[in-house]
Amino acid sequence: MTEEPLDVAGLQRRLAEFAAARDWRQYHTPKNLASALSVEASELVEIFQWLTPEESSRVMADPGTAHRVLDEVADVLAYLLQLCDVLDVDPLAALAAKIDRNEQRFPPV
């Protein structure tokens, strides 16, 4: 496996190639990807569900829990990037525009 630089377009390309090689693209509709994204986000939430705020701040100190967090973060990001690819949304541009709007809506105190 050749290492590509870590950038959004490169990761989206790898995800698309992975899905195409397994004939999964037929299932990667916006509805299915949004649903999968929600499920994976819920699995991330589940890790923190019964922790106190202090315990949640220390989850990465435990290697087993840290591994679970990293896997769920990766799953959430993967489905989000695939959804953006299918919908032809530039996720970085969408985020930048949202930050711009939030800066206008919520001025500093």
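Details of the structure are given in the entry above.
Residues numbered from 1 in each chain as written. Predicted model: local features only at pLDDT ≥ 70, side-chain atom pairs only at ≥ 80, totals over all residues. Heavy atoms only, no water.

S.K.: Before we move on, could you go through the overall build of the protein and cite the residues and values that matter?
M.R.: Secondary structure summary: the protein contains five helices and zero strands in total. Start at the N end of the protein and walk to the C end: the helices and strands fall as α-α-α-α-α. A compact globule built from 109 residues would reach a C-alpha radius of gyration of about 13 Å, whereas the protein, at 17 Å, exceeds it by more than 25%. Projected onto its principal axes, the C-alpha positions of the protein cover 45 × 40 × 30 Å. Sequence-distant contacts, at least 24 apart, represent 60% of the contacts inside the protein between residues at least 6 apart. Just so you have it, the protein exposes about 8200 Å², and 60% of that area is on carbon and sulfur atoms. Separation of charge centres in the protein, based on 10 positive and 19 negative side chains, amounts to 4 Å. (Helix = DSSP H or I, 4+ residues; strand = E, 2+ residues; numbered from the N terminus. Rg over C-alpha atoms; globule rule 2.2 N^0.38 Å. Contact = heavy atoms within 4.5 Å. Areas by Shrake-Rupley, 256 points an atom, 1.4 Å probe, with all protein chains shown as cover. Lys, Arg positive; Asp, Glu negative; His and termini not counted. Charge placed at Lys NZ, Arg CZ, Asp CG, Glu CD.)

S.K.: I'd like a description of the packing of helix α1 (residues 8-21) against helix α4 (residues 63-87), backed by residues and values.
M.R.: Put simply, α1 and α4 touch, their axes get as near as 10 Å, and they point 90 degrees apart. In terms of axis orientation, α1 runs roughly perpendicular to α4. Counted together, Val8, Leu11, Gln12, Leu15 and Ala16 of α1 and Ala78, Leu81, Gln82, Cys84 and Asp85 of α4 form the full contact between these two elements. Partitioning the contact of α1 with α4 into residue classes produces seven nonpolar, two polar and one charged. (Axes fitted to C-alpha atoms, helices over the stretch in contact; angles between N-to-C directions. Parallel < 35°, antiparallel > 145°, perpendicular 65-115°, else oblique. Nonpolar A, V, L, I, M, F, W, Y, C, P; charged D, E, K, R; others polar.)

S.K.: Account for helix α5 (residues 91-105), naming residues and giving values.
M.R.: Across its 15 residues, α5 extends 21 Å between first and last C-alpha, which sits within 8% of the 21 Å expected from 1.5 Å per residue. Capping the start of α5 is the job of one residue whose side-chain oxygen sits 3.0 Å from the backbone nitrogen of Leu92: Asp90. (Expected span 1.5 Å × (residues − 1). Polar contact = N/O pair within 3.5 Å; in protein donor to acceptor, adjacent residues only side chain to side chain.)

S.K.: Provide a residue-level description of a nonpolar patch on the surface, including the pertinent values.
M.R.: On the surface, Phe18, Trp24 and Tyr27 cluster together into a nonpolar patch covering about 330 Å² of accessible area. Tracing the backbone shows Tyr27 in the loop between α1 and α2 (30-48). (Patch = residues over 30% accessible without salt bridge, like charges linked within 9 Å, V, L, I, M, F, W, Y side chains within 5 Å. Salt bridge = Lys/Arg side-chain N within 4 Å of Asp/Glu carboxyl O.)

S.K.: Kindly report on the environment of Val8, identifying the contributing residues and their values.
M.R.: Note on placement: Val8 falls in helix α1. It is 13 Å that separates the C-alpha atoms of Val8 and Ala74, two residues lying 66 residues apart in sequence. If we skip the residues at most four places from it in the chain, Val8 touches Leu81, Pro91 and Leu92.

S.K.: Could you give an account of the environment of Ala96, with specific residues and numbers?
M.R.: Structurally, Ala96 can be placed in helix α5. In this structure Ala96 comes out as partly exposed when scored by relative accessible area, which is 39%. It is 27 Å that separates the C-alpha atoms of Ala96 and Glu17, two residues lying 79 residues apart in sequence. (Buried < 20%, exposed > 50% of the residue type's maximum accessible area, 1.4 Å probe, protein only.)

S.K.: Could you give an account of α4, with specific residues and numbers?
M.R.: Helix length check: α4 (25 residues) gives 36 Å between terminal C-alpha atoms against 36 Å at 1.5 Å per residue, within 8%. At the exit of α4 stands Asp88, carrying a positive phi of roughly 55 degrees.

S.K.: Kindly report on the packing of aromatic side chains, identifying the contributing residues and their values.
M.R.: A full pass over the atoms with the stated rule returns one aromatic pair. Ring geometry for Phe18 and Trp24: centres 5.5 Å apart, planes at 70 degrees, overall edge-to-face. By relative accessible area, Phe18 is classed as partly exposed at 40%. Given a relative accessible area of 38%, Trp24 falls into the partly exposed group. Sitting over the ring of Phe18, Arg22 keeps its end group 3.5 Å from the ring centre. (Phe/Tyr/Trp six-rings, centres within 6.5 Å; stacked < 30°, edge-to-face > 60°. Lys NZ or Arg CZ within 6 Å of the ring centre and 35° of its normal.)

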